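Here are the chains, one letter per residue:
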Amino acid sequence: MTATRWFPESMPVPAVTADTLGWWEAAAEHRLVVQACSGCGRTRHPPSPMCPACRGRSSSWKEVPGTGSIYTFTVVHQAFLPDLAERVPYVVAVVDLDEGGGARLVTNIVDAAPAEVVIGGRVGVVWEDMGPELAVPRARLLAGNG
Ligand code: ZN
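None of these values were measured; they are calculated from a predicted model.

Rules behind the numbers
- Residues numbered from 1 in each chain as written.
- Predicted model: local features only at pLDDT ≥ 70, side-chain atom pairs only at ≥ 80, totals over all residues.
- Heavy atoms only, no water.
- Salt bridge = Lys/Arg side-chain N within 4 Å of Asp/Glu carboxyl O.
- Helix = DSSP H or I, 4+ residues; strand = E, 2+ residues; numbered from the N terminus.
- Buried < 20%, exposed > 50% of the residue type's maximum accessible area, 1.4 Å probe, protein only.
- Donors = N, O, S within 2.8 Å, 3.2 Å for Na, K, Ca; no water.
- Tetrahedral: all angles 85-135°; square planar, octahedral: opposite > 155°, others 65-115°.
- Core = buried A, V, L, I, M, F, W, Y, C linked by side-chain atoms within 4.5 Å.
- Contact = heavy atoms within 4.5 Å.

**Side note on the pattern of salt bridges**
Using the criterion set out here, one finds 8 salt bridges in the structure. In this structure, the salt-bridge partner of Glu128 is Arg138, at a minimum N-O distance of 2.7 Å. With a gap of 10 residues between them, Glu128 in strand E7 (residues 122–131) and Arg138 in strand E8 (residues 134–141) connect regions that are remote in the sequence. Comparing Glu128 with Arg138 shows no difference in burial state: the two are buried. When salt bridges with common partners are traced through the structure, they connect Arg5, Glu9, Glu128 and Arg138 into a single cluster.

**Focus: the coordination of the zinc ion**
Coordination of the zinc ion by the protein comes from Cys37 (SG), Cys40 (SG), Cys51 (SG) and Cys54 (SG), over a distance range of 2.2 to 2.4 Å. For the zinc ion, the 4 donor atoms in the first shell make angles of 98 to 117° at the metal, a pattern classed as tetrahedral. Motif for the zinc ion, donor spacing along one chain: C-x2-C-x10-C-x2-C. Owing to a relative accessible area of 5%, Cys37 belongs among the buried residues under this scheme.

**Looking at the nonpolar core**
With 32 residues, the main nonpolar core has Phe7, Trp23, Leu32, Leu97 and Ile109 as its most contacted residues. At the level of elements, helix H1 (21–28), strand E1 (33–37), strand E4 (67–76), strand E5 (90–97), strand E6 (104–110), E7 and E8 are the ones that each hand at least two residues to this core. Ranked by residue count, the leading element in this core is E5, at 5 residues. Ignoring any residue separated from it by four or fewer positions in sequence, one finds Leu97 in contact with Leu32, Val34, Val64, Thr67, Gly68, Ala103 and Leu105.

Printed below as a string of C-alpha cells:
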C-alpha cells in the first residue's frame, strides 16, 4: 500500500496542543471528529477549550462521516514555500461537515482543477499521511457535482 501525498515533505507540521491532541489522534486513525459539548451538545471545530454557546469546559469527540458541502473556497496561486511552486494553483476550502451540527473544516480540495470547484459542491475526506502519527484530512470532489 502506498501512501497518497498531495503536498511536499517540507510542509510545516501542525502544532498540537492539549485542546487539539484528541483530534489529531483520531486523524492519525483516519477518523474525522468534531468536538461536542458535554453540557449543551453543540458541536464545534476547530477544537477549543470552552463551548461558545454555554461556556462549558467538558467535551467529547463525535465522529462524523467525512462528507460535506463546500461552504466557500479560494484558489492559491502564490507558492508560500519553494516546494509548493509546482503544486500551485491549489484550492483551500471551508467544508460544511455532514452530521457536524454546523462545524466546518478548513481543508484542501485535491485531485481537481480549481475550475471544477464550486460552492455547494459535495466532497469526501481523503487522508494524507504526513508522518507515522500525523494524518491530515484533504477533500476530493464526489461524483454528481455540477
Ligand atoms: Zn455547550
